[in-house]
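Residue strings, one per chain:
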Amino acid sequence: MIFDNKFIQQRIEKANVLREAGINPYSNNSKRNTSIEKFLNVNSDIADKEDKRDENRHYIVSGRIKFLRIMGKASFVKIEDESGMLQIYVARDNLPEDFYNTIFKKNIEVGDIIEVEGYPFVTGKGELSLHADALKILTKAISPLPEKFHGITDKEIRYRKRYLDLIMNSEVRKTFQIRSRVISLTRRFFEDKGFLEVETPMMHPIAGGANAKPFVTHHNALGVDRYLRIAPELYLKRLIVGGFEAVFEINRNFRNEGMDATHNPEFTSIEFYWAYKTYKDLIEITKEYFKYLFEHLDLPTLLPYGDLEVNFDNFQEIPLIESLTTIGGVPADVVNSKEKILEFLKSKKIDVKPNMNLGQLQGELFDEFVEEKLIDPTFITEYPVEISPLARRSDENPAITERFELFIAGREIANAFSELNDPLDQLERFEGQMAAKDSGDDEAHEMDSDFVEALSYGMAPTAGQGIGIDRLVMLLTNEHSIRDVLLFPAMKPVHTEIDLHAEEEE
């Protein structure tokens, strides 16, 4: 049973004692009138007063008990709310008769959420604190917290029981506060640029918008299968066809693929589409976007990331084929020959599918020899058309597309291109993708006849881009696993419940 643990049973009994004393251990009448952060800021002058207290100031604060030191006639308690930690001085003679000895000392514990009324003072050790005149329990925690101040170090527990991670590790809360700010600032940036925020379907009739394996579900009312969206791209471009000239969407995408440090089956991105612009315009707005984020998050442009240091004042731009030789060290006579690439990869003991075309093999070279070397922000441009089924061909060189991917600290952060708006070219590309699927490529793009028809009505020349919010937050918070920036990452099921208190029983 979930509550069989003897420590939990002891706490349940204390909750019952409170009920018998006429105290609701799950009260719902909080009178809190300030946060801990505001209390500390407003009363920072108390240390300058002669008696180091002000009994005329009255505050009601609430929070979870994180530390409790009970003495004979007085105790020190530290409580924490979302904004910070505060020390409370609880004296027997300031509370109702017998409350200190019969209720507080015996039935209130670390983990409980309490409300305290009192005035500010500074202790002999110089700590601004609250002198309690009244105290009541708001929520009795029947499961004891693990490891007191040390937090939870087992990442398996941290991810599965994120609520405990947030309780015990205040730095984790800061990461998710930054994530929230990044999303808010992203929305504001694009709205200020004149973009319209829209929402498009999460369930698609075909798996489209990117090359990836989809999740499949069944729509009972319609009697058809639906696919959780891989990307919103094709719907957003339909809106450009319809006459909107700048749209964006911040939302979830789903890809039924492997999980690692940078991949989760569901992830958040922003995609935006901008009529009468090219991928070159997107390079410039991306630079503006990063500058905007850094200014509003008050981050240094020389940002540490693990053992690396990323210079956000040093954006670079280089074509993919050129990067293979200048950064990846691939011989110049190899990069444009399918046979030589296969031979080169074999010599490096790298296995690839023998039926890959030249563009796909060039992509493999990039993944193997270039990507991890791109530390400062780098726009890799001019991707082969074979690996860019939705991007516009270059007018100067039809073998490449007007596309870039942005890499920072060795990882892809964004993907963008001048959009393909020729319906006949798009139809031909889809047909090529279908042929690839028939040959065993289960990530090839599905045919989307309705999208081709939409293009036939005319889509203005457009540029579009996607930015992975999760990887961006990883970069800005110096986190190295995507699970550390997702509140509830995907996890394998467990058949036995993790018992945080087993060591205590031993």
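Draft legend 1. Focus on the pattern of salt bridges. With the rule as written, the count across this model stands at 35 salt bridges. Ionic pairing is found between aspartate 333 and lysine 340, a salt bridge with its closest N-O pair at 3.8 Å. Close ionic contact of aspartate 425 with arginine 429 constitutes a salt bridge, the shortest N to O distance being 3.1 Å. Highlighted residues: aspartate 425 and arginine 429, both in helix 12 (residues 423–438), separated by four residues, approximately one helical turn. Each of Arg11, Lys14, Glu109, Asp112 and Lys140 takes part in a single network of salt bridges with overlapping partners.

Draft legend 2. Structural context of the sheet that holds strand 2 (residues 74–81). Ordered by their spatial adjacency, five strands build a closed barrel running 1-2-3-5-4, and the pairing between neighbours is mixed. Across the sheet, the axes of successive neighbouring strands diverge by a mean angle of 55°, strand direction being ignored. Pairing of strand 2 with strand 3 (residues 84–91), which is carried by eight bridges, proceeds in the antiparallel orientation. Bridge pairing links lysine 78 to glutamine 87 in strand 3.

Draft legend 3. Region of interest: the packing of helix 12 against helix 13 (residues 449–456). Remark: helix 12 packs on helix 13, axes separated minimally by 8 Å, with the N-to-C direction vectors making an angle of 165°. On the basis of the axis angle, helix 12 is roughly antiparallel to helix 13. Where helix 12 crosses over helix 13, the two elements pack in a sense that is right-handed. When helix 12 is examined against helix 13, the residues Pro423, Gln426, Leu427 and Phe430 are found in contact with a partner set consisting of Phe451, Val452, Leu455 and Ser456. Looking at the contact of helix 12 with helix 13, its residues break down into six nonpolar, two polar and no charged.

Rules of the game
Residues numbered from 1 in each chain as written. Predicted model: local features only at pLDDT ≥ 70, side-chain atom pairs only at ≥ 80, totals over all residues. Heavy atoms only, no water. Salt bridge = Lys/Arg side-chain N within 4 Å of Asp/Glu carboxyl O. Helix = DSSP H or I, 4+ residues; strand = E, 2+ residues; numbered from the N terminus. Pairing = 2+ DSSP bridges. Axes fitted to C-alpha atoms, helices over the stretch in contact; angles between N-to-C directions. Parallel < 35°, antiparallel > 145°, perpendicular 65-115°, else oblique. Left-handed = near helix turned anticlockwise from the far one by under 90°. Contact = heavy atoms within 4.5 Å. Nonpolar A, V, L, I, M, F, W, Y, C, P; charged D, E, K, R; others polar.

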